[in-house]
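Commentary on secondary and tertiary structure
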Amino acid sequence: MTSSKVTDAAATGAPEEGYERGLGSRQVQMIAIGGAIGVGLFLGAGANIAKAGPSIILMYALAGVIVFFIMRALGELLLYRPVSGSFAEYSREFLGPFFGYFTGWTYWLMWVVTCMAELTAAAIYVDYWFNGVPRWVTALVFTVVLFGVNLISVKLFGELEFWFSMVKVTAIIGMIVIGLGVLTFGFSNAGDTASVTNLWAFDGFFPKGVGSSLMTLQGVMFAYLAVELVGVTAGESENPEKTLPKAINTLPWRIALFYVGALTVILCVVKWTEFADGVSPFVKAFGMIGIPAGAGIVNFVVLTAALSSANSGMYSTGRMLRNLAESGEAPKIFAKLSSTKTPALGITVSMLFMCVGVVLNYVVPEKAFGYVTSIATAAGIWTWLMILISHVLYRRAVVAGRLPASSFPAPGGSVCSWIAIVFLLFVTGLIAYDSDARVCLYVMAGWAVALGIGWVVLKNRNPQITARGGEEPELEKVG
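Report follows, based on the coordinates. Everything quoted here is computed from the prediction, not taken from an experiment.

The next point concerns the overall build of the protein. The helix and strand tally for the protein stands at 20 helices and zero strands. Expressed as a percentage of its 479 residues, the buried residues of the protein come to 58%. Split by element, the accessible area of the protein, about 18200 Å² in all, is 68% carbon and sulfur.

Structure below.
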């Protein structure tokens, strides 16, 4: 393969044939912001605060740094060759077809199980206003509406995600501003007890020890799942050369503001001992401050967060199935696009699996949410590891002169990727140590066996799908 072919492919960043570049800069920016704000913050932070106290701020900051390393590694790969469904494609290119196959299907699983939880959670939130409506009905209505949005066009998906993200961002900024007002001027019901000293006044910054704080990292990492979604949009962005670097480079301030900043203000206004598992820090803080209708407002925000995640999940799953189909790793019928240039069949099949999740949550509502989120975390860690390892191998190829350099190189080359790899392996060890979270590793082991069997069947039916293994990447044809 000539260097000119490599350069041309990288420069054009040709996505899979047929996608519409319907996502503008405004939408890609908000998709990136929305990906960094989800129910892991709005709901999950309550349990993490109860386990770690004020030190949870440090855990979110530490995990945020690692997530930025992951996103810069992904950004370098995306600007080397932007493709929709990029995680599987880069794994396929740099690690071999089996890893592309495994990563594509695992990322699909991550979003399917995440949507199972989010759609059911959305139905629970609606109970706050309409507790006479059966949850399965509400979940089904949300599923059908979001399904329709994703079938119509990528522009409509982007627009809906823009406004979902806008609601989340506005709510968090509002919480920060109100909290700072309480701390500065002492107004509201919480004014007498609100103080920066709440960060250390109750048994110190690490009230339950450093070990207990570290154990929250698995939950913290769940909060950051979907931040990599901007990579899935690469093939449908109007100008990936400009929009993707901007979306990735603004990640640190988003993490600093929406996670570290918001939690710092909340823990100054309300002492950490007030929080417990199942209690939203935002709902609790608004309640302590005494804002009229505050709980209802926050409930609406959390509802949009759940719907935003489900909307993103439907978008992502269809693209991953199409990427797998074009690589011969899923039925070819998934490669077809509808008249609106969306992978309609892939979205439809994914939606049907999500409906199974609604049934499961109806049968075992107490445990289903925790189980599926832990599975999503394990699948997300695998995806992040594949991004980082692909980046390390890409950097080696660039240094050796086999591939062109990206226009958006990660700082420090592959050093930060190695740091992130070690960190993710450490978090996996924490999951294995935790008896409650460990179940997700058993599920993933079963998933790996199932995919291994599927791979053997694929090789027997279509041996040429292994042809790219260990070879220099063939950039003339993406997917």
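Read on for the rest.
In this section: the nonpolar core. Ranked by internal contacts, the top residues of the largest apolar core, which has 143 residues, are I56, Y60, W105, I172, Y224, F282 and L424. The element best represented in this core is helix α7 (residues 97–126), accounting for 18 residues. Every residue in contact with Y60, bar those within four places of it in the chain, is listed here: G40, A45, N48, V220, A223, Y224, I255, Y259 and L263.

One way to put it is that α7 packs onto helix α8 (residues 135–152) with a least axis distance of 8 Å and a crossing angle of 125°. Between α7 and α8, the angle is such that the two are oblique. Seen along the crossing, α7 lies across α8 with a hand that is right-handed. Each of L119, A122, A123, I124 and V126 in α7 lies in contact with α8, whose residues at this interface are R135, T138, A139, F142, T143 and L146. A per-class count over the contact of α7 with α8 returns eight nonpolar, two polar and one charged.

Take the packing of α7 against helix α20 (residues 439–461) next. Axis separation between α7 and α20 bottoms out at 11 Å; the angle between their running directions is 130°. Viewed along their axes, α7 and α20 adopt a mutual orientation that is oblique. Relative to α20, α7 is oriented so that their crossing is right-handed. Between α7, through P97, F98, Y101, F102, W105, T106, W108 and L109, and α20, the contact on the second element is made entirely by M444, W447, A448, L451, G454, W455 and L458. Tallied by class, residues from the contact of α7 with α20 come to 13 nonpolar, two polar and no charged.

This part covers the side chain of S350. Within the secondary structure, S350 is located in helix α17 (residues 344–363). The exposure class assigned to S350 is buried, which follows from its relative accessible area of 0%. Side-chain polar atoms of S350 contact the side chain of W108, separated by 2.8 Å.

The next thing to look at is unusual backbone geometry. With phi around 70°, D203 is a residue other than glycine that occupies positive phi space. By the element assignment, D203 lies in the loop between α9 (154–185) and α10 (210–215).

Residues Y128, W129, F130, V133 and F300 make up a contiguous nonpolar surface patch of roughly 510 Å² in combined accessible area. For W129, the position within the fold is in the loop between α7 and α8. Exposure remark for W129: the relative accessible area of 38% places this residue in the partly exposed category.

Once that is clear, we can look at the packing of aromatic side chains. Across all of its chains, the model carries 17 aromatic pairs by this definition. A centroid spacing of 5.0 Å and a plane angle of 45° characterise the contact between Y101 and W455, whose relative ring orientation is tilted. In this pair, Y101 sits in helix α7 while W455 sits in helix α20, placing the two residues 354 residues apart along the sequence. In this structure W455 comes out as buried when scored by relative accessible area, which is 9%. Through pairs of rings, three or more aromatic residues link up here, namely F98, F99, Y101, F102, W382 and W455.

About the thresholds
Residues numbered from 1 in each chain as written. Predicted model: local features only at pLDDT ≥ 70, side-chain atom pairs only at ≥ 80, totals over all residues. Heavy atoms only, no water. Helix = DSSP H or I, 4+ residues; strand = E, 2+ residues; numbered from the N terminus. Buried < 20%, exposed > 50% of the residue type's maximum accessible area, 1.4 Å probe, protein only. Areas by Shrake-Rupley, 256 points an atom, 1.4 Å probe, with all protein chains shown as cover. Core = buried A, V, L, I, M, F, W, Y, C linked by side-chain atoms within 4.5 Å. Contact = heavy atoms within 4.5 Å. Axes fitted to C-alpha atoms, helices over the stretch in contact; angles between N-to-C directions. Parallel < 35°, antiparallel > 145°, perpendicular 65-115°, else oblique. Left-handed = near helix turned anticlockwise from the far one by under 90°. Nonpolar A, V, L, I, M, F, W, Y, C, P; charged D, E, K, R; others polar. Polar contact = N/O pair within 3.5 Å; in protein donor to acceptor, adjacent residues only side chain to side chain. Patch = residues over 30% accessible without salt bridge, like charges linked within 9 Å, V, L, I, M, F, W, Y side chains within 5 Å. Salt bridge = Lys/Arg side-chain N within 4 Å of Asp/Glu carboxyl O. Phe/Tyr/Trp six-rings, centres within 6.5 Å; stacked < 30°, edge-to-face > 60°.

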